[in-house]
Amino acid sequence: DSMLMDLLGSSSPAPAPPPAQGGMDAMTAMMGGPAMGLGAPAPAPGSFAPFTAFNKNGLVVSFACTKDAANPSVTAIEASFTSSVPAPISGLNFQVAVPKYMKLQMSPASGTTVPPSGSGKVTQLFKVANSMHGQKPVLLRIKIDFGVNGQNFSETGQVDSFPAGI
């Protein structure tokens, strides 16, 4: 009998409840989770802070990522396109390519003209499924065609600066 109690680590007659998520003890779990002073507050479950994926020739592209709760290998990414110059950006065409271990599903952009000076934005939603989630990172090749003040740009690049957990 005492050997069983030693294994449970408790001398009370009722076995201790298993620790709640994240290694919280029962008291912390009952109080609603860890105190805010125990590190940076976590973003909403499954969402990540937006980050700048591209910034050149007046076009700024930010990515806001969310994870599919049912399938952590799937990431939804909302690309937001804003202008950092006092002229509208026209003819916006955004393309994404992924490595063989990933799948891509893109939705159409909300428009092709980005309002000047950050006064509005164009958005485009796409999803990536990483078959090597946890082993290989999300990696994107992007191609963006756009015009500013009558000058046309065609830019390519790689986005590999996704937050940890993507």
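Not measured: the values here are computed from a predicted model.

1. A word on the overall build of the chain
So, point 1. For the chain, the helix and strand inventory stands at 2 helices and 8 strands.
So, point 2. The helix and strand sequence of the chain, counted from the amino end, reads α-α-β-β-β-β-β-β-β-β.
So, point 3. With 166 residues in all, the chain has 30% of them scored as buried.
So, point 4. Across the chain, the fraction of contacts at a sequence separation of at least 24, relative to all contacts at a separation of at least 6, is 55%.

2. Some thoughts on the sheet that holds strand β4 (residues 89-97)
So, point 1. Taken in spatial order, the 3 strands of this open sheet run β4-β7-β8, and their pairing is antiparallel. The two strands at the open ends of the sheet, each matched to only one other strand, are β4 and β8 (151-159). Each strand of the sheet is rotated relative to its neighbour by a mean of 15 degrees, with strand direction disregarded.
So, point 2. Bridging between β4 and strand β7 (residues 140-148) involves 7 bridges; their strand directions are antiparallel. Across the sheet, the residue bridging to Q95 is K143, located in β7.

3. A closer look at the pattern of salt bridges
So, point 1. Under the defined criterion, the tally for this structure stands at 2 salt bridges.
So, point 2. With its nearest N and O atoms 3.2 Å apart, the salt bridge here joins K56 to E155. Here K56 is found in strand β1 (residues 51-56), whereas its partner E155 is found in strand β8, with 99 residues between them in sequence.
So, point 3. For K56, a relative accessible area of 42% gives the class partly exposed.
So, point 4. Its relative accessible area of 13% is what places E155 among the buried residues.
So, point 5. The closest approach of N and O atoms between K143 and D145, which form a salt bridge, is 3.0 Å.
So, point 6. Judged by relative accessible area, K143 falls into the partly exposed class, the value being 29%.

4. Here we look at the environment of I89
So, point 1. Locating I89 in the fold gives a position in strand β4.
So, point 2. Between the alpha carbons of I89 and L59 there is a distance of 7.5 Å; along the sequence they are 30 residues apart.
So, point 3. Ignoring sequence-local partners within four residues, the contact set of I89 consists of G58, L59, T82, S83, T112, T113, V114, F146, G147 and V148.

5. Points about unusual backbone geometry
So, point 1. Even without glycine at this site, S117 takes up a positive phi of about 50 degrees.
So, point 2. Mapping S117 onto the fold places it in the loop between β5 (102-106) and β6 (122-130).

6. So, the sheet that holds β1
So, point 1. Pairing is antiparallel in the open sheet, where 5 strands are placed in the order β1-β2-β3-β6-β5. The outermost strands of the open sheet, each flanked by one partner alone, are β1 and β5. This sheet shows a mean twist of 25 degrees between the axes of neighbouring strands, independent of strand direction.
So, point 2. Two strands pair when backbone bridges link them, and strand β3 (residues 71-83) and β6 are joined in this way by 8 bridges, in the antiparallel orientation. From the neighbouring strand, I77 faces β6, where its bridge partner is F126.

The rules behind the values
- Residues numbered from 1 in each chain as written.
- Predicted model: local features only at pLDDT ≥ 70, side-chain atom pairs only at ≥ 80, totals over all residues.
- Heavy atoms only, no water.
- Helix = DSSP H or I, 4+ residues; strand = E, 2+ residues; numbered from the N terminus.
- Buried < 20%, exposed > 50% of the residue type's maximum accessible area, 1.4 Å probe, protein only.
- Contact = heavy atoms within 4.5 Å.
- Pairing = 2+ DSSP bridges.
- Axes fitted to C-alpha atoms, helices over the stretch in contact; angles between N-to-C directions.
- Salt bridge = Lys/Arg side-chain N within 4 Å of Asp/Glu carboxyl O.

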